[in-house]
Amino acid sequence: MIDLDIFYPPATPERIQAALAAARAVLERADVDPYRAWLAEAAHIAYTEAGCDDAYKPTEEEFLIAQIFGQAQAAANAILGTPDGDPASLEFKEV
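Presented here is a report on the structure given in the accompanying data block. On a predicted model such as this, the values are computed, not experimentally measured, just so you know.

This part takes up helix α2 (residues 34-49). Helix length check: α2, at 16 residues, gives a terminal C-alpha distance of 22 Å against a target of 22 Å (1.5 Å per residue), a fit within 8%. Taken residue by residue, α2 has P34, A37, A40, E41, A43 and Y47 as its buried positions. Here the buried face of α2 lies against β1 (2-6), α1 (13-29), α3 (60-80) and β2 (90-94). In this structure D33 caps α2, since a side-chain oxygen of it lies 2.9 Å from the backbone nitrogen of Y35.

Rendered as structure tokens:
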């Protein structure tokens with residue numbers, strides 16, 4: 001099973017949990033589980049690392065899920081109050 005995690009040392013454990021809850025809520029509203037987000041994000045990263053080569057182009061669904069994952073990251077950062085230029089990144093972990 002895949003879940004979300006976030007590393008942001010200035011935040012308290014309570015703030016981290018609130019940020020994760022906000023990110024999970026974004027995914028849940030879009031009916032996207034963390035595993036699907038992980039796969040879509042991996043496809044998007046592979047595509048960009050390949051110089052946007054069409055051979056690695058994600059599906060439309062993967063693009064959409066990657067955008068939703070970006071919204072989940074934004075929601076987490078809003079809760080954490082991260083300064084511009086220093087965002088915290090959501091990560092995936094096996095549980």
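For the rest of this paragraph, the subject is the pattern of salt bridges. Considering all chains together, one arrives at 2 salt bridges under this definition. In this structure, E61 and R36 form a salt bridge, with 3.1 Å as the shortest nitrogen-oxygen distance. Separated by 25 residues along the polypeptide, E61 in helix α3 and R36 in helix α2 bring together distant segments of the chain. Judged by its relative accessible area of 49%, E61 is partly exposed.

The grouping of Y35, W38 and L39 at the surface amounts to a nonpolar patch, some 290 Å² of accessible area in total. By the secondary structure assignment, W38 is in helix α2.

All right, on to the packing of α2 against α3 then. Packed helices, taken two at a time, are described by the angle their axes make and the gap between the axes. Packing of α2 against α3 brings their axes to within 8 Å, and their N-to-C directions diverge by 105°. Taken together, the axes of α2 and α3 lie roughly perpendicular to each other. Residues R36, A37, A40, E41, A43, H44 and Y47 of α2 touch α3, and the partners they reach there are E61, E62, F63, I65, A66 and F69.

Here we come to the environment of F69. The topology assignment puts F69 in helix α3. Given the relative accessible area of 2%, F69 is considered buried. Considered as a pair, F69 and R24 are 45 residues apart in the sequence and their alpha carbons are 9.5 Å apart. Filtering out sequence-adjacent residues up to four positions away, F69 remains in contact with L4, L27, A37, E41, L90 and F92.

Here the focus is the packing of aromatic side chains. As enumerated under the stated definition, the model contains 3 aromatic pairs in all. Ring geometry for F69 against F92: centres 4.9 Å apart, planes inclined by 25°, an arrangement best described as stacked. Here F69, found in helix α3, pairs with F92, found in strand β2; they are 23 residues apart in sequence, far enough to count as distant. On the accessibility criterion, F92 (23% relative accessible area) is partly exposed.

Here is what the cut-offs are and how they apply
Residues numbered from 1 in each chain as written. Predicted model: local features only at pLDDT ≥ 70, side-chain atom pairs only at ≥ 80, totals over all residues. Heavy atoms only, no water. Helix = DSSP H or I, 4+ residues; strand = E, 2+ residues; numbered from the N terminus. Expected span 1.5 Å × (residues − 1). Buried < 20%, exposed > 50% of the residue type's maximum accessible area, 1.4 Å probe, protein only. Contact = heavy atoms within 4.5 Å. Polar contact = N/O pair within 3.5 Å; in protein donor to acceptor, adjacent residues only side chain to side chain. Salt bridge = Lys/Arg side-chain N within 4 Å of Asp/Glu carboxyl O. Patch = residues over 30% accessible without salt bridge, like charges linked within 9 Å, V, L, I, M, F, W, Y side chains within 5 Å. Areas by Shrake-Rupley, 256 points an atom, 1.4 Å probe, with all protein chains shown as cover. Axes fitted to C-alpha atoms, helices over the stretch in contact; angles between N-to-C directions. Parallel < 35°, antiparallel > 145°, perpendicular 65-115°, else oblique. Phe/Tyr/Trp six-rings, centres within 6.5 Å; stacked < 30°, edge-to-face > 60°.

Limitation: the analysis is restricted to geometry and does not speak to function.
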